[in-house]
Amino acid sequence: MDTIVCPMGGGATRLYSALTPPLSSSAFPPPAVTNLDPAFCQEQKGAPVCPAELLRQCEEALRGRAPRFHRKFTQLPDGSGAPSNSIRVMQWNILAQALGEGLDSFVQCPPEALSWSRRKYLILEEILTYRPHILCLQEVDHYYDTLQPVLAGLGYSSNFCPKPWSPCLDVDGNNGPDGCALFYDESRFEFLDSVNLQLSAMRIPTNQVAVVTMLRCRSSGRCVCVAVTHLKARSGWEWLRSAQGSDLLRHLQTLVQKHAHDSAGAQTLDIPLLICGDFNAIPTEEVYRRFAASPLGLDSAYKRLSEDGSTEPEYTTWKIRPTGECCSTLDYIWYSRDTLRVDAVLDMPTEEQIGPNRLPSFSYPSDHLSLVCDFSFKEKE
C-alpha cells in the first residue's frame, strides 16, 4: 500500500488556513477520509488530510500558551487487548461561544481566553489529540462554519440538531443557535439511520434536543446505536431532566427495535447503545437512576475509573461564576453492558492541573472536560 504523504501546502494546510478569520464554509476543501480502512479510502476521491499535520499546525497557532492537560488512559483488565479493533468515543460539552462570551459569566477566566480566535484551535486540538471514531458534542454554535467542514476534511460525517429556542440567539453578535452534534468516522462506520429529537416532558416539547444515529461497523458488521443529548440545566428542574431522559430512552428503544427485527418481525440483532451527554444531573438525581435501572441494560463507563468500579469521577465540570464555585459530575457515557466492553478510559486532570481559576482557561476551552473511552464488541454467545 502506498504511503500517504501530507506535505505543507496540502489538505492540512488548507484546513489550517480556513480556521483563520474570516471563517467561511467556501474556504474549506471538499471532504476527504482518514486512512484507517485502505479499501474504503481507495474508493473515495480527493486527497486525504493528514490529522497529525493539522494537529501540529494547531499547536503552532497556540504557541506560547499555558501547557495543555496531560491525561492518560487507564487500560482495564477485562479489555480486549486489541486496540486496533476498539471504538474510541468522545463526549464533550465544548461551551457555546455566545454563552462563554455573553451569558455564562466565568468571573475568573480572562476574556482573552474566551475569544473564538483562540478557542477554536484548542477545541480542534483536543479532538485531534484523541482521534475518536465517534464524537458527541453539546453547545455547538459553530457547526456549519468550522466544525462540520474541518472534521469532514478529516473523514467524519455528522448530524446536527439545534435547540429550537437557543439562548445563544439572545446574545449580540451570535453565530446562530447552539445544539448537539454527532460525528462518526466514515472509514470505520457505515451510516444506516438517524433522527433528530426535540425531547418532550409529559408530551410537551421542550428546548432540549438529541441526535440518535444508527451505524454499522465496517470491520465487524456489527451495528451500534449512538445518541448525544444535553438535558435542561440548573437546580429546580430535576423533574424535567427526568422526563426528558425517559423520553430519550423511549425513542432509543423504538429505534433499536426497528433495526433489530427482520421483515417478518423476528428479532435478529442485539444492537448495543452508546449514549453520550451533558445530563446536567449529579449521580444521585432521578434521571441518572432511570438510566442505571433501564431495561436497556445500561452502565456508565466512567465508573470504571474508580477503585470499586461503581463510583463516578469527582467532577466533569469545574467553574467559578458570580454565584460561587461549582465542581460536579454532570457528563456521562452510557453503554450496553451486555454487548459492549470498556477497554480503556481517559483519566481526569487533577485539581493542580486545572488551576485555581478553574475552567475555562488559557489551557482549556470549555468549562466541561472531555470524556474519552475505548469500547469493543463482546463476542456473541
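All of these numbers come straight from a predicted model, not from anything done at the bench. (Residues numbered from 1 in each chain as written. Predicted model: local features only at pLDDT ≥ 70, side-chain atom pairs only at ≥ 80, totals over all residues. Heavy atoms only, no water.)

### Details of the confidence of the model for the protein
Working step 1: Considering every residue of the protein, the mean pLDDT works out to 87; 84% of them sit at 70 or more.
Working step 2: Segment residues 1–14: pLDDT under 50, and 22 contacts once partners within four positions in sequence are set aside and those in other chains are kept.
Working step 3: Segment residues 21–46: pLDDT under 50, and 53 contacts once partners within four positions in sequence are set aside and those in other chains are kept. (pLDDT = per-residue confidence, 0-100. Contact = heavy atoms within 4.5 Å.)

### Details of a nonpolar patch on the surface
Working step 1: There is a patch of nonpolar side chains on the surface, built from Met202, Trp237 and Trp239 and spanning about 370 Å² of accessible area.
Working step 2: Judged by relative accessible area, Trp239 falls into the partly exposed class, the value being 44%. (Patch = residues over 30% accessible without salt bridge, like charges linked within 9 Å, V, L, I, M, F, W, Y side chains within 5 Å. Areas by Shrake-Rupley, 256 points an atom, 1.4 Å probe, with all protein chains shown as cover. Salt bridge = Lys/Arg side-chain N within 4 Å of Asp/Glu carboxyl O. Buried < 20%, exposed > 50% of the residue type's maximum accessible area, 1.4 Å probe, protein only.)

### As for empty space enclosed by the protein
Working step 1: All told, the structure shown has 1 cavity of 30 Å³ or more when counted by the stated rule.
Working step 2: In this structure, the largest cavity spans a volume of roughly 60 Å³.
Working step 3: What lines the largest cavity is simply Arg68, Phe69, Arg71, Leu122, Glu125, Glu126, Ser363, Tyr364 and Pro365. (1 Å grid on protein atoms, 1.4 Å probe; cavity = no way out; pocket = protein on both sides within 12 Å on 5 of 7 lines; lining within 4 Å. Points joined across faces, edges and corners; volume = space filled by probe spheres on them.)

### Some thoughts on the pairing of strand 15 (residues 371–377)
Working step 1: Extensive coverage of strand 15 is indicated by the burial of 7 of its 7 residues.
Working step 2: Burial of strand 15 is two-sided: the residues Leu371, Cys373, Phe375 and Phe377 facing one way and the residues Val372, Asp374 and Ser376 facing the other way are all buried.
Working step 3: Summarising the sheet, strand 2 (residues 87–93) and strand 15 pair through 5 bridges and their orientation is antiparallel. Following the sheet pairing, Arg88 is matched in strand 15 by Asp374. (Helix = DSSP H or I, 4+ residues; strand = E, 2+ residues; numbered from the N terminus. Pairing = 2+ DSSP bridges.)

### Overview of the packing of helix 5 (residues 116–130) against helix 6 (residues 143–153)
Working step 1: It is at 12 Å that the axes of helix 5 and helix 6 come closest, and there the two elements cross at 35°. Judged by the twist between their axes, the crossing of helix 5 over helix 6 is right-handed. Along its contact with helix 5, which presents Trp116, Ile123, Leu124 and Ile127, the element helix 6 presents Thr146, Leu147, Val150 and Leu151.
Working step 2: When the residues that make up the contact of helix 5 with helix 6 are grouped by side-chain class, the tally is 7 nonpolar, 1 polar and no charged. (Axes fitted to C-alpha atoms, helices over the stretch in contact; angles between N-to-C directions. Left-handed = near helix turned anticlockwise from the far one by under 90°. Nonpolar A, V, L, I, M, F, W, Y, C, P; charged D, E, K, R; others polar.)

### Section: unusual backbone geometry
Working step 1: In the segment running from Leu359 into Pro360, the intervening peptide bond is cis, with an omega of -5°.
Working step 2: Mapping Pro360 onto the fold places it in the loop between helix 9 (351–354) and strand 15.
Working step 3: Its identity as a non-glycine residue notwithstanding, Leu95 has a phi of 75°, on the positive side.
Working step 4: Relative to the assigned elements, Leu95 resides in the loop between strand 2 and helix 4 (97–102).
Working step 5: Of note in the backbone geometry, Ser105 takes a positive phi value of approximately 55° without being a glycine.
Working step 6: Looking at the secondary structure, you find Ser105 in the loop between helix 4 and helix 5.
Working step 7: You can call Ser105 partly exposed: its relative accessible area is 37%.

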